[in-house]
Each structure stands twice: as C-alpha cells, then as structure tokens.
Amino acid sequence: MVSAVSVSVSVQLICIGLVLFCSSSSCLVRAEDAYRYFTWTVTYGTAAPLGVSQEVILINGQFPGPRLDTITNENIIINVINKLDQPFLLTWNGIKQRKNSWQDGVLGTNCPIPPNGNFTYKFQPKDQIGTYTYFPSTGLHKASGGFGGLNVFARSVIPVPYPTPAAVYTLLVGDWYKAGHKALQQILDSGRPLPPPDGVLLNGQSGLTFNGDPGKTYMFRVSNVGISTSLNLRIQNHLMKLVEVEGSNVMQNTYDSLDLHPGQSFSILVNLNQTAKDYYIVVSTRFTSADFTAKAVLHYSNSQSSVSGPLPLPPSYGLDGSMNQAKTFRWNLTSNAARPNPQGSFHYGTIPITKTYVLANSAPTINGKQRYAVNRVSYINADTPLKLADYFKITGVFDLKSIQSSPSEGPASLATAVMPASLHDFIEIVFQNNENAMQSWHLDGYDFWVVGYGSGQWTQASKNSYNLVDALTRHTAQVFPNSWTAILVSLDNQGMWNLRSAIWDRQYLGQQFYLRVYNPIQNLANEYDIPTNMLLCGKALGRRL
C-alpha cells in the first residue's frame with residue numbers, strides 16, 4: 001500500500017555543537033559528523049498519480065521515496081534491499097563521493113543489486129551543502145519512481161547567507177508517463193523514440209497544499225526529477241528569491257518565473273507578504289510540444305478564501321530569454337561554502353586549462369534503430385563494471401581510445417566509451433548541441449563552473465564571452481537548441497565517473513561515457529580502497545577483494 005504523501009515542516013535550529021531537527025511529528029538532537037543508518041526496501045506498488053492506476057516503484061512503501069535530510073560531512077549508511085524482479089541501483093545525484101566512486105551507484109562502477117539481494121552504500125557529503133536528489137540509475141526505473149529529495153544542511157559553525165526560514169519544503173517536479181518503465185523500455189529497445197509524457201507531477205501528485213503563516217519566509221528546495229522535460233515554476237502573486245543552486249550560494253536575485261531542466265535543483269525563498277488567501281503554485285512544460293501544467297496551493301494560515309483566479313501565465317520569454325536568465329545565476333563570492341572560506345577564494349578563472357574537450361550530441365540510427373551518441377560514439381554497457389575492470393586489471397572491457405575528445409565526421413558506432421584524464425588536471429568541456437531540442441548534461445563526482453552559453457557553433461573566440469569571475473558551480477548544465485554550453489572542471493576526485501545526458505531516454509540509448517580520472521600511484525589520499533562488501537559480477541565474479 002502506498003503511504004500518503006505528506007508535506008512536513010523541517011526546521012533547522014542551530015545550537016552550540018548540536019543540531020536540532022524538528023518535523024511535524026518529532027525532534028531529534030544529535031552531534032554533527034555523525035553516522036546515520038538506514039534500511040531502504042525497494043518494492044513495486046500501485047498508485048494513480050494522474051488518475052489512472054499504475055505500477056510504481058516504492059522505497060519503504062513511499063512514492064516518492066523518503067526524503068533524506070543530512071548535514072555536511074555526516075556519514076550515511078544505507079542498506080538497499082531490492083525486492084523488484086529486475087536488478088537495481090540508486091545513484092546520489094550531485095553528491096561528489098569524494099575519493100569514492102565505488103559508491104556512485106551506476107553500472108560503470110557498481111554491479112546492480114540482484115532481485116532479493118542487497119547492497120549497503122556508505123558515503124559522506126564531504127564539504128557539501130545544498131539541494132540534491134537520488135534516483136534509480138538502472139534501465140528506465142526512474143520513469144516509475146524510486147526517486148527522492150536529498151538535502152544537505154550546513155554545519156552549525158558555517159552560517160548561511162540568509163535568515164533561517166520558518167520551514168523548509170521539498171518540491172520534486174517532473175514529467176510523468178502512465179505507461180510504466182517496462183513498457184517505456186520496450187519502446188526504446190525496439191528502436192523507437194519515446195512519445196511525449198502524459199503529464200507533470202509535484203511530489204508524486206497532481207495537486208497538494210503547502211501551509212504558511214503571513215509575514216514569514218519559507219524555503220522551497222525544488223528538483224526536476226523527470227526523465228526528459230524542461231519545466232517552469234511560478235507562484236501566483238509572489239516573487240521567488242533564488243538563494244542556492246546545487247550547492248552554490250548565489251546572488252539573491254528575485255524572479256517571477258524560473259526554468260528548471262532535467263536533473264537540476266535549486267532553493268528559493270518565498271515571503272508570504274500578500275493578502276491572506278490561497279495562491280497557485282504552478283509547474284508547466286517548456287520547449288516541448290507536450291503542453292502540461294500541474295498545480296499546488298500555497299495556503300496562508302489565516303486564509304478565508306480558496307484558491308481562485310487565472311493561473312499565473314507561463315513566461316513570455318523564449319529560448320534567448322531562458323539563456324539570459326541562466327546567465328543571471330551568479331556565485332555569491334562573499335558567502336561561505338561548506339567550509340569557512342568564501343566561495344570566491346578559489347579563483348578558477350586564473351587557472352591554466354590543461355585540455356579542452358568538445359562534445360557534440362547526435363541522434364543517429366545504428367543497425368536500423370534509434371540511438372543517441374557523443375562524438376559519434378553510442379555507449380553500451382559492459383557485463384563488467386568499468387571500475388572493477390580497472391581495479392582488477394581485466395582487459396577487453398573498455399578501451400581508452402574508444403571516443404575522441406572533439407567531434408569528427410563519419411557514421412556513429414557502438415562502444416563502451418571511456419575517456420582518459422589525469423588527476424589534478426583542470427579541463428574545459430564544451431557541450432555542442434546541433435539539434436533543435438534542449439539538452440541537459442550531468443557529471444558524477446564533481447561540480448563544475450558553468451562559464452558560458454552561446455548560440456551556434458563554439459569556437460576559440462567564444463572564450464571571450466566566458467564568465468571567469470563569478471560563474472556558479474553546479475552538477476547539471478542545460479544546453480539550448482543549436483547552441484553550446486562551456487564548463488570548467490578541476491579534476492580533484494580520482495575515479496571512474498559517468499558523464500551523461502540527464503534526459504533519460506538519451507542516456508539509456510547511448511548518450512553517455514565515462515571519464516577515467518587516474519593517478520598511477522595508488523594512495524589513500526587520492527582514492528579509498530575497494531569496499532569489502534562490493535558486489536562482483538561479469539568478469540570480476542569470483543575475484544578476491
């Protein structure tokens with residue numbers, strides 16, 4: 001049975017050396033940098049998020065899954081028990097897994113958890129704060145659920161650059177299909193693209209209510225957990241103050257409309273400063289032929305009037321306006337990050353670039369079927385996780401020359417693509433989008449500086465438009481149609497890291513590869529040892545840990 005989706009109030013109060021978390025049902029006092037233990041059981045269940053009964057993926061009976069609230073540097077231990085009829089993995093979207101790609105939860109680093117099996121993840125959001133998510137990385141499971149919010153709060157010794165909100169709400173928004181993940185996967189396996197989605201959900205529902213007191217300010221941690229569609233958020237008669245984007249404290253501009261692309265997250269503050277009544281919260285699709293809107297209600301505690309009036313109109317700005325909005329997201333250089341030093345103390349714009357990678361997405365037909373590719377290579381999963389093959393020195397699993405670092409002419413091909421890089425390199429990645437559709441790209445294990453957006457073809461001259469002073473860091477960047485997006489990455493995290501499309505059908509059909517960040521000298525200062533509970537499969541089966 002699916003548990004009711006409730007909207008709880010989570011308030012963070014700072015005490016000396018302690019943190020007090022209060023919810024609608026309980027309060028808990030604990031020391032920081034603690035170990036926190038969870039058991040999550042993954043099952044199928046039945047729900048009707050769009051009014052039609054369908055099979056969904058539950059975690060501990062919940063859809064969406066349980067919200068995970070933690071504090072910077074806490075140690076998270078989660079035993080995931082798979083009761084599905086298919087292998088399963090969870091990935092921790094935006095958590096850097098410092099020196100620990102063993103816990104990344106994707107098929108290039110981990111063997112999937114078999115049916116009736118389990119795996120215990122052990123990770124630490126080291127020196128991170130912000131709004132993140134978790135979701136299934138296997139197959140099309142994400143299209144049926146298994147996702148949830150993951151919020152990392154600052155330690156008590158690190159002040160945040162805004163007053164403590166009266167409450168913190170998590171808002172998971174995303175497109176949704178009435179067909180389950182198995183049916184959608186069959187469509188892709190048959191060589192056809194997915195049809196448009198059937199609607200948009202907010203916290204797994206088509207409508208819900210958030211409560212607040214007049215005059216108080218509330219934080220909404222918002223994440224796009226859908227599989228393909230860009231969305232827009234607006235709140236009737238209220239402005240939204242953007243304060244955090246995927247771990248970056250940003251300049252606190254106010255907006256009446258905010259775009260959010262697949263895989264992205266941000267935090268906003270909303271002050272209840274209007275006439276006491278109920279107001280619409282609206283999420284609608286962007287840059288797609290599928291036109292859907294989902295509504296929630298912002299309820300003033302002294303309201304005597306139910307929600308009314310027309311919905312707030314979608315933004316009048318198009319692609320150019322959306323790109324311009326993205327350019328207004330700037331680092332708050334004087335704010336502390338997860339450490340006491342200001343975000344702006346790392347002068348990324350003065351660091352020499354070691355290498356430039358230009359990555360062009362495409363949608364080729366290979367062997368008569370729809371595929372997606374990067375630099376003419378469409379990724380296929382190996383039977384052995386790449387990380388295990390690297391560790392055990394198993395040959396024949398991947399080839400470091402399988403993908404080029406820049407586009408070239410010619411037909412696309414299938415390969416288990418891995419691109420080599422060296423630990424401590426400082427690299428430039430340009431995502432070149434020559435298609436008419438929005439793209440969204442994510443890099444596991446890292447955040448990166450989004451230094452430039454532009455239309456048309458990227459050239460060396462495009463660097464003249466880069467923001468080398470206060471570009472924010474994030475883990476997922478959008479690329480507008482027939483445009484480019486440039487990022488800078490400090491390769492300070494050794495491991496095998498997935499660089500993928502956050503549009504899940506594209507990821508599933510090959511628009512991804514792995515970045516092998518390598519140092520030939522084995523050193524625990526660079527990377528942790530293989531976990532003693534590591535699942536083994538493929539050519540690694542039977543090896544000694």
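Below or above, wherever it landed, is the structure these notes cover.

Thresholds applied
Residues numbered from 1 in each chain as written. Predicted model: local features only at pLDDT ≥ 70, side-chain atom pairs only at ≥ 80, totals over all residues. Heavy atoms only, no water. Helix = DSSP H or I, 4+ residues; strand = E, 2+ residues; numbered from the N terminus. Rg over C-alpha atoms; globule rule 2.2 N^0.38 Å. Contact = heavy atoms within 4.5 Å. Areas by Shrake-Rupley, 256 points an atom, 1.4 Å probe, with all protein chains shown as cover. Lys, Arg positive; Asp, Glu negative; His and termini not counted. Charge placed at Lys NZ, Arg CZ, Asp CG, Glu CD. Pairing = 2+ DSSP bridges. Axes fitted to C-alpha atoms, helices over the stretch in contact; angles between N-to-C directions. Phe/Tyr/Trp six-rings, centres within 6.5 Å; stacked < 30°, edge-to-face > 60°. Buried < 20%, exposed > 50% of the residue type's maximum accessible area, 1.4 Å probe, protein only. Lys NZ or Arg CZ within 6 Å of the ring centre and 35° of its normal. Arc of directions from axis to C-beta. Salt bridge = Lys/Arg side-chain N within 4 Å of Asp/Glu carboxyl O.

So, about the overall build of the chain. Within the chain one finds four helices and 38 strands. Relative to the globule expectation of 24 Å for 545 residues, the C-alpha radius of gyration of the chain, 22 Å, shows essentially globular dimensions. Taken along its principal axes, the extent of the C-alpha atoms in the chain is 70 × 50 × 50 Å. In the chain, 77% of the contacts between residues at least 6 apart in sequence involve partners at least 24 apart. Total accessible area on the chain stands at roughly 20500 Å², and carbon and sulfur atoms take up 52% of it. Here the chain contributes 39 positively and 33 negatively charged side chains, and the mean placements of these two sets differ by 3 Å.

Moving on, we get to the sheet that holds strand E8 (residues 90-93). Here we have four strands laid out as an open sheet, ordered E6-E11-E10-E8, and mixed in their pairing. This sheet does not close on itself; its edge strands, each paired only once, are strand E6 (68-71) and E8. Going across the sheet, the axis of each strand differs from the next one's by a mean of 20 degrees, ignoring polarity. The sheet contact formed by E6 and strand E11 (residues 148-153) spans four bridges and is parallel. From the neighbouring strand, Asp 69 faces E11, where its bridge partner is Asn 151.

Looking now at the packing of aromatic side chains. One pass over the full model with this rule turns up 28 aromatic pairs. The interplanar angle of 85 degrees and the centroid separation of 5.9 Å between the aromatic rings of Tyr 255 and Phe 329 together place this pair among those described as edge-to-face. Placement of the pair is Tyr 255 in strand E19 (residues 254-255) and Phe 329 in the loop between helix H2 (319-327) and strand E24 (355-362), with a sequence separation of 74 residues. Each member of the pair, Tyr 255 together with Phe 329, is buried. Consider the rings of Tyr 348 and Trp 449, whose centres lie 5.1 Å apart with planes at 15 degrees: the pair is stacked. Within this pair, whereas Tyr 348 is found in the loop between H2 and E24, its partner Trp 449 is found in strand E33 (residues 448-455), the two being separated by 101 residues in sequence. Here Trp 449 falls in the buried class, since its relative accessible area comes to 7%. Counting every residue linked through ring pairs, the aromatic cluster contains Phe 38, Trp 40, Trp 92, Phe 119, Tyr 121, Phe 123 and Tyr 134. Across from the ring centre of Tyr 518, 3.8 Å away, lies the NZ or CZ of Arg 516, which sits over that ring.

As summarised here, the arrangement of the five strands in space is E14-E23-E22-E16-E20, forming an open sheet in which the pairing is mixed. Each edge of the open sheet is held by one strand with a lone partner, namely strand E14 (209-212) and strand E20 (258-260). Neighbour-to-neighbour, the strand axes of the sheet open up by a mean angle of 25 degrees, direction not taken into account. As judged from the six bridges shared by strand E16 (residues 230-235) and strand E22 (residues 278-286), these two strands associate in the antiparallel manner. Paired with Ser 230 across the bridge in E22 is Arg 286.

Within helix H1 (residues 181-189) the residues assigned to the buried category are His 181, Leu 184, Gln 185, Ile 187 and Leu 188. Angular distribution of buried residues about the axis of H1 spans 155 degrees; they occupy a single face of the element. In the core, the buried residues of H1 are packed alongside strand E4 (35-47), strand E5 (54-59) and helix H4 (504-508). Just downstream of H1 lies Gly 191, where phi reads positive at about 95 degrees.

Attention shifts here to the pattern of salt bridges. Counted according to the given criterion, the structure contains 15 salt bridges. In this structure, Lys 216 and Asp 213 form a salt bridge, with 3.3 Å as the shortest nitrogen-oxygen distance. Among the ionic pairs, Arg 506 bridges to Glu 435, the shortest N-O distance being 2.7 Å. Of this pair, Arg 506 sits in helix H4 while Glu 435 sits in the loop between strand E31 (426-433) and strand E32 (439-443), placing them 71 residues apart in sequence. Glu 435 matches Arg 506 in its accessibility class, with the two residues each being buried.

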